[in-house]
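Coordinate analysis (summary)
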Amino acid sequence: MKLSEIKNALAQVVADGDPDLEQSCARLSRLCTLFLSQYGDGTVSLLRAPARMGVLGEHIDYVSYLPTASLTFGSRERDALMLYRSSDGPQVRIASTSPRYEPSSFNVFEDQVPALGKTAAADWLSYLSELGTPAAHWQNYIRGAVSFARGKFGEEVKIGFEFALDSDIPPGGGASSSSALVVLGGAAIRQVNDIAFSLEELANDSGMAEWYIGTRGGSMDHITICLAQEARAVLIDYFKHGTRHVSLPDDPFHWITFFTKPADKGREIMIEYNERAAVSRLLIPALLQRWQLTDAERYDAWTSTIDALANGSLSALGEAENLLLTLPETISINTLRSDYPETLSDLERSFPALLNDTPRWPLKLRSRALHHLGEVRRVALATRTLDSIQSNSTSESRLEAMQQLGKLMDESHASLRELYGVSTSEVEQLIDIIRSHPHVMGARVMGGGFGGNVLALTTRDHSRSLIERVQKDYYDPRQRDGLREGSIIVSTPGQGLAHLDFNEVWRKAITHMSRTGTNVCSLLDVLPRQCSQEIWPVIVAAGKGTRASASGLDVPKPVALINREPAIVHVLNSIRKGLGETRPPLIIISPETEAAVREALKDEEVRFVTQQEALGTGDAVLQAYDGMRDFNGLTLVVWSTQPVIQAKTFERTAKLAEILHDYDMIVPTTLRKHPYAPIRRNELGQVQSTAETHLENAEREDFGETNIGMFLLKNQPMFEVLLDLRSRYWNESKHDYDRSRGELGFPNEVINALAKRKNGVFASAIADWREEQGVKQFEDVSTCERLIRELSTEKNL
C-alpha cells in the first residue's frame, strides 16, 4: 500500500473502548503524516525495536576478564517505530514526531570510514579516535550505524534511506532508546542495499556502531532489542558470545518501570560511563595479567577459577571474590604511566577525554570488580531458578521463584549504589517508596544509572495500588502525573526487532470493530486486495425444489429469472466482479436441477458435480471433496439462489479472509429483523453457534445477526469437519443422516464445529440486510428484482 492509502485506512479505524488500538493507530497516523510532509507519498516499510528491560546483569556487558551474562527482555508495550524507504541516492534523511528532534540529513559517503576487517573493533576504534567525539545530535546514532556498515560492507552500500521515527521509549530512561535507534538505522541501511544479515550479527555490529557518539559500552541493549521473544527472557553470555532464551512467567506477575528523570548524556555523565568501561575493559584486565609476572601462583589460581566459572561452577565464586579482594582499591595515572604503558596507550586511544580529566584520578578498581562478580552470581542464580519453572509448575512454586528473583534484584541495586556508584539521591527516594509497598518483590535502578528508570517486580493484583502509592508519594510532590506523562510503564516480555505488517493493525481493528458492533465496511473498502490465497467457488444449485414448486415457481430456483437472467448467473457475475480471477466454479446440481442449470450455464467456464439424493446442503458440498481434496486455498460456498448478494460483499469477504488469515471460516452477516439463522456470540463477541429458526426450531429473535448464504473457508478444515460429521451421523441402513430431516446441513453444522477452535469462525456484519433475500418461492422473484434495483440506485447516487 502507498503511504497515503495507509493513512486513509487508519482514519477509518474506530478504536473506542480499546486504548491500545487507539494509541497504535494514533502513532502510525503521526508517522504517516510526518513522512508524507517530509518525503512525499510512496511505498514504505515499518520496523519496530522494543525498549530493553534489564532484569539482572547491569554494567557487565563490557567486562572482558570475567565470564559475565545478563538477563533481559524486550518490552511488548514500549518501542521505537521507523517508517522508511530507500533514497534515490546516497542521502540519509531523518525526522522524528518528537519536537525535540529536528529533521536532519547526511550523506552516506560523508565520513571517510576505512575498511573494517577481521579486527573490526580495533579498526573502528582507531578511526573514531581520529574522528573525535562529534557534536551532540540525535542523527549521530543513525550516522554511527551507517558509517559502521560502510566500513564493514564497503561498496555494497550504495544508497541511503529516508525515515520517520516515533518512539515512546523515554530518552535517558535506562530502557535503551538510543540503542533502539542504532539498531533501526543498522537494519535500514542493510535492507535498502539488499545486504543479508542475521539478527545476532546486527546486534553485535550495533553495539560497536554506538561508540560513534563517544561512549564505549557493550552490546547488551542491542542483543536484547534484536533477539527478544514473547514470554521469555534473553540470557546473554558475553564470555561465550552466545544467547539463549529463558522462560519468564508473565502471569500473574507485572514488571513496572518508574521514570525519575533523564540521565544526562552530556560530557560529565559520558565520562562517568566511560570511566567504568575503561576500568572494566582495560585496567582490571591489565592488573590481573600482571599477576603472571609478579605472582604466578595467584595468576594460576585466577585462570583456574575463570575456567570453573565458565563451565557453570557456582562454587568457584568464593575463590574469585577472594582473589579480586587482593586488587588495589584504586589506581593512579602515575602508576598506569610507569607500570602499564601499553594500557595507557590503549586508554589514550579509546578514552581520551577520561585520560585528560585529571581531577577524576585515581580510579576505583576493587569495588567495580566486586560488582561485576556479584552480578555474575546473581544472574547465574536467577537463571537456575527460572530454568526450574516448568509449564506445569504450581502457582505457589512460580511465586516462590519470582520472589527469589526479586531478592536478587534488591541485591543488584545495592551493588549498583554502593560498589558502582550509579544511583542518585532521587533514585534512592523512589526505591524507598516502591519498597514500602508490601507486595513488591524487588526493585532496582535499570540501565546506565544516574537517573532514568527504576524497575519493580510485583503481581498483577497489586500493580494498581503500587502505582497509586508511587504517584502519591513521588510524582505528586513534583507536580507530575506519572501515567499521563508516560513515566509509569507496565511491561511484559515481547518480540524483538521485526518488520511490522500493517495487516496486523487492520486485523486488530477489524476484530475490535466487529465485536463492538462497529461497521468495518469503510475500512475494508479502502484496503486493497492482496490475492495471497487462491479461491475456488462452490455454488450449490441442488435440491428438489418442492416448496418452491408448490408456491407457483415452475422452474428450479437456481434458474428463476431475475431481471431476465437466471439467479445463478447473477451469483456468478457478482463473484467474478468482486473476486476477479478464481478457479473455475464447481456447480453442485441434483437430478431435478441438472438440465436447467446446465442450459443456463452452457456458455460459462464451470464444472458440474451431482448430488444424487437430496440429503442437505452439507452433503451437497461434500460431493465436491474428490475433486478438491488436495486444494489448499479458500473455498467460497454460496447458494445459487442468492442473486441479491453484491460484488462488493464478495470482495469485502475476501479481504477479511486475507487479513484474518488465522481463521478457518469467514461469515459475512447482516443485522435485520427476525433473522433466519441467528448468530450466537459470547461476552467477548466471539462466534459460538448458529441455528435456523425454520429447520432447526431455533428461538426466533425480533432483531439479530444472520448469514446471507455465502461463506469463505479454508478448504482443508472445511472438509475435515464435513467428513467428521458424515462419519458420526451417517446411517447406512437408513441411507441418510441421524440429523434433523435426515440431512447434513451447511453452514450451521460447520460453524458450530469450527467455533470450538481458537480461531475457528469470524463473523462480521459487512452486508446490507437486503442481501439475505434469496429465491425460496415464487413471490421472492419480484422481491429480489426490487432489492437489486434499490441497491444499484443507491450505489450510483
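In this text, all values refer to a predicted model and were calculated from it rather than measured experimentally.

**Focus: the overall build of the protein chain**
When helices and strands are tallied, the protein chain shows 28 helices and 29 strands. With the principal axes as the frame, the protein chain shows a C-alpha extent of 110 × 60 × 50 Å. Here the protein chain, with 797 residues, has 56% of them falling under the buried criterion. Partitioning the contacts of the protein chain with sequence separation of at least 6, the portion at a separation of at least 24 is 77%. Of the roughly 33600 Å² that the protein chain leaves accessible, carbon and sulfur atoms contribute 47%. With 86 positive and 106 negative side-chain charges, the protein chain shows a separation of 2 Å between the mean positions of the two kinds.

**Examining the sheet that holds strand β11 (residues 442–446)**
Spatially, 4 strands are ordered β11-β12-β8-β13 in an open sheet, and the strand pairing comes out antiparallel. This sheet does not close on itself; its edge strands, each paired only once, are β11 and β13 (488–491). For this sheet the average axis-to-axis angle between neighbouring strands, irrespective of direction, equals 25°. With 7 bridges connecting them, strand β8 (residues 253–259) and strand β12 (residues 453–459) associate as antiparallel partners. Considered in β12, the bridge of Phe259 is made with Asn453. Here helix α15 (residues 395–418) sits on the sheet in contact with β8, β11 and β12, set at roughly 40° to β11. Along the sheet, helix α16 (residues 425–435) contacts β8, β11 and β12; its crossing angle with β11, the most-contacted strand, is approximately 160°.

**Examining helix α18 (residues 502–515)**
Residues lying three or four places apart along an α-helix face the same way, a consequence of the helix completing one turn every 3.6 residues. Look at α18: 20 Å from first C-alpha to last across 14 residues, which is about the 20 Å you get at 1.5 Å a residue. Summarising burial for α18: 11 of the 14 residues are buried, a large majority. Among the residues of α18, Phe502, Asn503, Val505, Trp506, Arg507, Ala509, Ile510, Thr511, His512, Met513 and Ser514 are the ones counted as buried. Two or three places before Asn503, at the opening of α18, Asp501 has a side-chain oxygen 2.9 Å from that residue's backbone nitrogen. Of the residues trailing α18, Gly517 is marked for its positive phi of about 80°.

**Observations regarding the pairing of strand β4 (residues 104–107)**
Residues Ser104 and Phe106 of β4 are buried on one face, while the alternating residues Ser105 and Asn107, pointing to the opposite face, are not. Looking at chain direction, strand β3 (residues 91–96) and β4 are connected through 4 bridges and run antiparallel. Bridge pairing in β4 places Val92 opposite Phe106.

**Describing unusual backbone geometry**
Omega for the bond connecting Asp251 with Pro252 falls within 30 degrees of zero, at 10°, which places this linkage in the cis form. A cis amide bond links Trp361 with the next residue in sequence, Pro362, at an omega value of 0°. Residue position: Pro362 is located in the loop between α13 (352–356) and β10 (363–364). Phi at Asp194 takes a positive value of approximately 55°, unusual for a residue other than glycine. Tracing the sequence through the fold places Asp194 in the loop between α5 (177–192) and α6 (199–209).

**What to know about the environment of Glu651**
Counting through the fold element by element, Glu651 comes out in helix α25 (residues 647–659). C-alpha of Glu651 to C-alpha of Gly578: the two residues are 73 residues apart in sequence and 4.6 Å apart in space. Excluding residues within four positions of it along the chain, Glu651 makes contact with Arg529, Gly578 and Leu579.

**So, helix α21 (residues 567–579)**
With 13 residues, α21 ought to run about 18 Å at 1.5 Å a step, and its terminal C-alpha atoms sit 18 Å apart, in line with that. Those residues of α21 that sit buried are Ala567, Ile568, Val569, His570, Val571, Leu572, Ser574, Ile575, Gly578 and Leu579. In the segment just after α21, Gly580 is the residue with positive phi, at about 75°.

**Structural notes on the pattern of salt bridges**
The final tally for this structure, using the stated rule, is 57 salt bridges. Residue Glu162 pairs with Arg85 through a salt bridge whose shortest N-O separation is 2.8 Å. Of this pair, Glu162 sits in strand β5 (residues 161–167) while Arg85 is found in strand β2 (residues 69–86), placing the two residues 77 residues apart along the sequence. Each member of the pair Glu162 and Arg85 is classed as buried. Among the salt bridges present, the one from Lys734 reaches Asp738, with a minimum N-O distance of 3.6 Å. Each member of the salt-bridge network shares a partner with another, and the members are Arg27, Arg30, Arg48, Asp79, Asp166 and Asp168.

**So, the packing of helix α4 (residues 139–153) against α6**
Direction vectors running N to C along α4 and α6 enclose 115°, while the axes themselves pass 9 Å from each other. The orientation of α4 relative to α6 falls into the category roughly perpendicular. For the pair α4 and α6, the crossing hand works out as right-handed. Residues Gly144, Ala145, Phe148, Lys152 and Phe153 of α4 form the contact with α6, whose participating residues are Glu201, Asp205, Met208 and Ala209.

**Description of the packing of α18 against α25**
Orientation of α18 relative to α25, taken along the N-to-C sense of each, is 115°, at an axis distance of 9 Å. By the angle between their axes, α18 is roughly perpendicular relative to α25. The chirality of how α18 crosses α25 is left-handed. Counted together, Asn503, Trp506, Arg507 and Ile510 of α18 and Leu656, Glu658 and Ile659 of α25 form the full contact between these two elements. Residue classes in the contact of α18 with α25 are distributed as 4 nonpolar, 1 polar and 2 charged.

Parameters and conventions
- Every chain is numbered on its own, with residues counted from 1 as its sequence reads.
- With pLDDT at 70 or above as the cut-off, local features in this predicted model cover only qualifying residues; side-chain atom pairs require 80 or more to be listed or tallied, and sums for whole chains, interfaces and linings still use all residues.
- As a rule here, side-chain values come from all non-hydrogen atoms in the structure, and water together with hydrogens is ignored.
- Helix and strand definitions here come from DSSP, where helices need a minimum of 4 consecutive H or I residues and strands a minimum of 2 consecutive E residues; each element is numbered from the N-terminal end.
- Exposure categories follow from relative accessible area, calculated using a 1.4 Å probe and restricted to protein chains: below 20% of the type maximum is buried, above 50% is exposed, and the middle band is partly exposed.
- When checking whether two residues touch, look at their non-hydrogen atoms; a contact exists if any pair is within 4.5 Å.
- Each accessible area value is a Shrake-Rupley result obtained with a 1.4 Å probe; residue values ignore everything except the protein chains displayed when judging cover.
- By the counting rule applied here, Lys and Arg register as positive and Asp and Glu as negative, while His and the ends of each chain are not counted.
- A charged residue contributes its charge at one atom only: NZ of Lys, CZ of Arg, CG of Asp or CD of Glu.
- Any two strands with at least two DSSP bridges between them are considered paired.
- All axes here are fitted lines through C-alpha atoms, helices being fitted over the stretch that makes contact, and every angle between N-to-C directions spans 0 to 180 degrees.
- A helix is expected to span 1.5 Å multiplied by its residue count minus one.
- Two N or O atoms count as a polar contact when they lie within 3.5 Å, although within protein this holds only if one can serve as hydrogen donor and the other as acceptor, and sequence-adjacent residues are included solely when both atoms are side-chain atoms.
- For this document, the term salt bridge refers to a Lys or Arg side-chain nitrogen within 4 Å of an Asp or Glu carboxyl oxygen.
- When an angle is under 35 degrees it counts as roughly parallel; over 145 it counts as roughly antiparallel; between 65 and 115 it counts as roughly perpendicular; any other value is oblique.
- Crossing handedness is read from the near helix: turned anticlockwise from the far helix by less than a right angle, it gives a left-handed crossing, and turned clockwise, a right-handed one.
- Each residue is assigned to one of three groups, with Ala, Val, Leu, Ile, Met, Phe, Trp, Tyr, Cys and Pro labelled nonpolar, Asp, Glu, Lys and Arg labelled charged, and all others, Gly among them, labelled polar.

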